[in-house]
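The primary structure of each chain is shown beneath.
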Amino acid sequence: MSSMNRAPSSHRVALDAVVIGAGFAGMYMLHRLRRLGLSARVYERGDGVGGTWYWNRYPGARCDTESVTYSYSFDGALEQEWEWTERYAPQSEILAYANHVADRFDLRRDIQFETSVISVHYDDASRLWRVTTDRGEEVAARFCIGAVGCLSASVLPDYPGLEDFQGEWYHTGRWPHRAVDFRGKRVGIVGTGSSGVQSTIAVAKEAGHLHVFQRTPNYSIPAWNGPLDRAAVSALKANYGAWRERSRYAQIGIPFTPNGKQAKLVPPEERERDYEAAWAEGGFNFVMAYPDLLTDLESNRTAAEFVERKIRQVVKDPEVAKLLTPNDHPLGTKRLCVDTGYYETFNRDNVTLVDIRSAPIERITAAGVKTRDAEYPLDVLIFATGFDAITGPLLKLGIVGRGGESLNAKWADGPHTYLGIQSVGFPNFFMITGPGSPSVLSNMLMSIEQHVDWIAGCLEHMQRKGYDSVEPSRDAERAWGQTVHEVGHGTLYPHTDSWYTGTNIAGKVRAFTPYAGGVGTYRRICESVVERGYEGFEFSSTRVAAAAS
Ligand code: N01
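Criteria and thresholds
- Residues numbered from 1 in each chain as written.
- Predicted model: local features only at pLDDT ≥ 70, side-chain atom pairs only at ≥ 80, totals over all residues.
- Heavy atoms only, no water.
- Near = heavy atom within 4 Å.
- Polar contact = N/O pair within 3.5 Å; in protein donor to acceptor, adjacent residues only side chain to side chain.
- Helix = DSSP H or I, 4+ residues; strand = E, 2+ residues; numbered from the N terminus.
- Domains from an automatic or database assignment.
- Salt bridge = Lys/Arg side-chain N within 4 Å of Asp/Glu carboxyl O.
- Axes fitted to C-alpha atoms, helices over the stretch in contact; angles between N-to-C directions.
- Parallel < 35°, antiparallel > 145°, perpendicular 65-115°, else oblique.
- Left-handed = near helix turned anticlockwise from the far one by under 90°.
- Contact = heavy atoms within 4.5 Å.
- Nonpolar A, V, L, I, M, F, W, Y, C, P; charged D, E, K, R; others polar.
- Core = buried A, V, L, I, M, F, W, Y, C linked by side-chain atoms within 4.5 Å.
- Buried < 20%, exposed > 50% of the residue type's maximum accessible area, 1.4 Å probe, protein only.
- Pairing = 2+ DSSP bridges.
- Lys, Arg positive; Asp, Glu negative; His and termini not counted.
- pLDDT = per-residue confidence, 0-100.
- Buried area = accessible area lost by both parts, 1.4 Å probe.
- Phe/Tyr/Trp six-rings, centres within 6.5 Å; stacked < 30°, edge-to-face > 60°.
- Lys NZ or Arg CZ within 6 Å of the ring centre and 35° of its normal.
- Expected span 1.5 Å × (residues − 1).

*Asks:* Which residues make up the site of the ligand, and what are the values?
*Replies:* For the ligand, the set of nearby residues contains 25 residues, the closest of which are Y159, S195, R215, T216 and R335. G193 is positioned with one of its backbone polar atoms (N or O) 3.5 Å from an oxygen atom of the ligand. The dominant element in the shell around the ligand, judged by the number of residues it contributes, is helix 5 (residues 194-204), at three residues. Mapping the shell around the ligand onto the domain boundaries places at least three of its residues in each of domain 1 (3-153 + 389-548) and domain 2 (162-231 + 252-383).

*Asks:* Got a sec to walk through the pattern of salt bridges? Specific residues and values, please.
*Replies:* The full count for this structure, using the stated rule, is 36 salt bridges. A single network of salt bridges, built from pairs that share partners, joins R34, D106, R109 and D110.

*Asks:* Requested: an account of the packing of helix 1 (residues 24-35) against helix 14 (residues 444-465), with residues and values cited.
*Replies:* With their axes 9 Å apart at the nearest point, helix 1 and helix 14 run at an angle of 30 degrees to one another. Classed by the angle they form, the pair helix 1 and helix 14 counts as roughly parallel. When you trace helix 1 past helix 14, the crossing you get is right-handed. Taking contact as the criterion, the partners of F24, A25, Y28, M29, R32 and L33 in helix 1 are, on helix 14, L445, I448, E449, V452, D453, I455, A456 and L459. Here the residues of the contact of helix 1 with helix 14 sort into eleven nonpolar, no polar and three charged.

*Asks:* Residues and numbers for the nonpolar core, please.
*Replies:* Judged by nonpolar contacts, the single largest core of 131 residues is most densely connected at F24 and F286. Examining the composition of this core, we find that ten residues originate from one element, helix 14, more than from any other. Two domains share this core, each providing at least three of its residues, namely domain 1 (3-153 + 389-548) and domain 2 (162-231 + 252-383). When neighbours within four sequence positions are excluded, F24 is seen to be in contact with W53, Y70, Y72, I94, Y97, A98, L445 and I448. Counting residues in hydrophobic clusters, the runner-up holds 21 residues, among them L15, V18, V139 and I399.

*Asks:* Any chance you could break down the sheet that holds strand 9 (residues 209-214) for me, citing the residues and the numbers?
*Replies:* Backbone hydrogen bonds are what pair the strands of a sheet, in a parallel or an antiparallel way. The strand order across the open sheet built from five strands is 7-16-8-9-12, with neighbouring strands paired in parallel fashion. For this open sheet the edge positions go to strand 7 (168-171) and strand 12 (351-355), each flanked by a neighbour on one side alone. Taken over all neighbouring pairs, the strand axes of this sheet differ in orientation by 15 degrees on average, direction set aside. Two elements, strand 8 (residues 186-190) and strand 9, share five bridges in a ladder whose sense is parallel.

*Asks:* Can you tell me about the side chain of E44, naming the residues and giving the values?
*Replies:* Residue position: E44 is located in the loop between strand 2 (40-43) and helix 2 (52-55). Summary of buried charges: E44 has no salt-bridge partner, and the nearest side chain of opposite charge, R45, is 5.2 Å away. Not counting residues within four places of it along the chain, the set of residues in contact with E44 comprises G21, A22, G23, W55, I111, Q112, F113, E114 and T115.

*Asks:* I'd love a proper account of the confidence of the model for the protein chain, names of residues and values included.
*Replies:* Parts of the prediction with low pLDDT should not have their coordinates interpreted in detail. In this model, the protein chain carries a mean pLDDT of 95, and residues with pLDDT of at least 70 account for 96%. Counted against residues more than four places away or in other chains, residues 1-11, with its pLDDT under 50, gives 29 contacts. Low confidence marks residues 544-549, where pLDDT is under 50. Its contacts with residues over four positions away, or in another chain, come to 15 contacts.

*Asks:* Summarise the domain arrangement of the protein chain; cite the residues concerned and give the values.
*Replies:* Once the domains are mapped, the protein chain shows domain 1 (3-153 + 389-548) and domain 2 (162-231 + 252-383). For domain 1 and domain 2, the distance between their C-alpha centres works out to 30 Å. Tallying the contact residues gives 38 residues for domain 1 and 42 residues for domain 2. The contact between domain 1 and domain 2 buries some 3100 Å² in all, and 53% of this surface belongs to carbon and sulfur atoms. Where R335 meets D64, a salt bridge forms, and the shortest distance between an N and an O atom there is 2.8 Å. Between domain 1 and domain 2 we count 20 residue pairs in polar contact (both at pLDDT 80 or more) in total. The residue makeup of the side of domain 1 that touches domain 2, split by class, is 15 nonpolar, 13 polar and ten charged.

*Asks:* Talk me through the packing of aromatic side chains; I want residue IDs and the actual numbers.
*Replies:* The tally for this structure, following the rule as stated, stands at 40 aromatic pairs. Each ring, one from W82 and one from Y97, has its centre 5.2 Å from the other, and the planes form 65 degrees; the classification is edge-to-face. Taken together, the residues span a long stretch of sequence, with W82 in the loop between helix 3 (76-81) and helix 4 (91-104) and Y97 in helix 4 at a distance of 15 residues. Both residues of the pair, W82 and Y97, belong to the buried class. Seen from their ring centres, Y500 and F512 are 6.2 Å apart, and the 80 degrees between their planes marks the pair as edge-to-face. Of this pair, Y500 sits in the loop between helix 15 (474-489) and helix 16 (519-531) while F512 is found in the loop between helix 15 and helix 16, placing the two residues twelve residues apart along the sequence. There is no split in this pair, since Y500 and F512 are both buried. Sitting over the ring of W55, R45 keeps its end group 5.1 Å from the ring centre. Positioned above the aromatic ring of W55 is the side chain of R174, whose terminal nitrogen or guanidinium carbon lies 4.4 Å from the ring centre.

*Asks:* Tell me what's going on with unusual backbone geometry, and back it up with residues and numbers.
*Replies:* We note that L419 has phi near 65 degrees; this positive angle belongs to a residue other than glycine. Turning to its location among the elements, L419 is positioned in the loop between helix 13 (407-410) and strand 18 (429-431). Note on L419: relative accessible area 0%, which makes it buried. Phi is positive for N428, which is not a glycine, with a value near 65 degrees. Along the chain, N428 falls in the loop between helix 13 and strand 18. Here N428 falls in the buried class, since its relative accessible area comes to 0%.

*Asks:* Outline helix 8 (residues 268-281), listing residues and values.
*Replies:* Since the α-helix turns once every 3.6 residues, residues separated by three or four places project in the same direction. Spanning 14 residues, helix 8 covers 20 Å between terminal C-alpha atoms, matching the ideal 20 Å at 1.5 Å per step. In this structure, the buried side of helix 8 is in contact with strand 10 (220-222) and helix 9 (297-314). Positive backbone phi, approximately 85 degrees, marks G282, located one or two places after helix 8.

*Asks:* So, the sheet that holds strand 14 (residues 368-371): which residues are in play, and what are the values?
*Replies:* The strand order 13-14-15 describes an open sheet built from three strands, whose pairing is antiparallel. Each edge of the open sheet is held by one strand with a lone partner, namely strand 13 (361-364) and strand 15 (375-377). Between one strand axis and the next, the sheet turns by 20 degrees as a mean value, whatever way the strands run. Examined bridge by bridge, strand 13 and strand 14 share three bridges and lie antiparallel to one another. Note on strand 14: the bridge partner recorded for I361 is T371.

Spelled out as structure tokens, the structure:
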């Protein structure tokens, strides 16, 4: 690591840009800023790059977008030289990839690790952002870019008594940088989202006994993970550009072949064959089986019933199968889980499913977990209880914009952005995969690259035109908010309690904030905004105040 890792405290530096976060978004942003000849510093609270993949080291962690797709496309040589080993890459391999990218593009010299940003204030007089860190530094920068990710603010349940617990406890999103030994131990996992599903499978293989505390069952689709076929990868790499281009304009940034039919209108036998084929493909292929599964309740039910039958076929104990069967939301409206052997895990003698919907957890005790009905003694307790998603990481930065208005105050009734890239009142502050963009509904790496490229293009435009400030117009922001709302409400997502709608966080306004119109449609909108001279953005310079050129 470079000399940037531990900076002296209390000094002022002037930079063109500050980037917050050294995950895949911040790393690529730094690379693009350098290519524009701009000085930049990235602040990262961890001691290494990788963001999500740096923090989420829990057993069984892996990406559920396929590795050849969940990777950068901006550099042809990088794309050719990196060899993924499995269809779905494990966390360790993705982290190794992030480190490889950091080395290859010499990124670390501009990343300051182990440094958290504690406030981001816009100075009206100088028109600069003043960014302060927990190391007592303050830097001034023309541009500030929030590359903080959508799922980086982990949340613990507020059960009383955690401080009394005599065993070890962990959150999946803050996993320690050492091996945790489960052998022979009594382990409890709270939560059955993607992190809970993956850790359940892995921990069950080691633990003496595992109790899975489930409040809401979710749908999980098999990944059919395995080693990648080298010949198939070579064939893909020979034509990687075309694959990437298809990804860029696909619904979720992954090139599925669309089936134009409405599920509910397809004869049951044909539909069953289609679902079997999609199930055999695995992962998100399943929910892409028909284009209306996430917009039409009746169609959705046909897919949900198919998965529910699969659960009953796999899980031997009918009572356990019933408990594992989702019953309160359409399939996919809580984010789908993708697994390798989740339902099978509940056939093991050393695994017990505990229904905390009917008998809630009342407190953590010195010995373990106490529900309304019983106490479960534990040596290790794992919270797979999720994140304050999408807006949470941004709102934790302490952002105060023009005229002293805080982002938290402006977004008190939900986020307001134009394209999920900027928010009125916060000039030159950019978000990567912010609320109002496809973000969590897409292949994140593709969406990250699209935003970084768009922001870099905007900065280049400003350099050419001599502008030093950009901000959306109120009308553009209002209209985009309306579009995001209408498109979102054309889907089944907004009606389900989930981190997508913010209902997992007490006091958070219920709002479905990602743009649900698809990655391809969104990209075309962003492109047309540029073609129309950055329609909806207002540029100015200290010399000239001007509307979009
Ligand atoms: O978090 P979650 P996650 N008492 O919010 C339960 C991505 N990801 O970390 O539904 C008891 O989905 C909660 O129950 P309920 C992916 O986008 C990707 O698993 O609120 N239970 C739920 O079961 C994913 O969706 C990958 O009733 C409580 C669970 O905890 C996102 O990250 C891997 C509780 C939280 O599930 C988040 O996933 C991992 C409480 N007080 C994550 N509070 C891959 O790429 C919460 N729960 C594979």
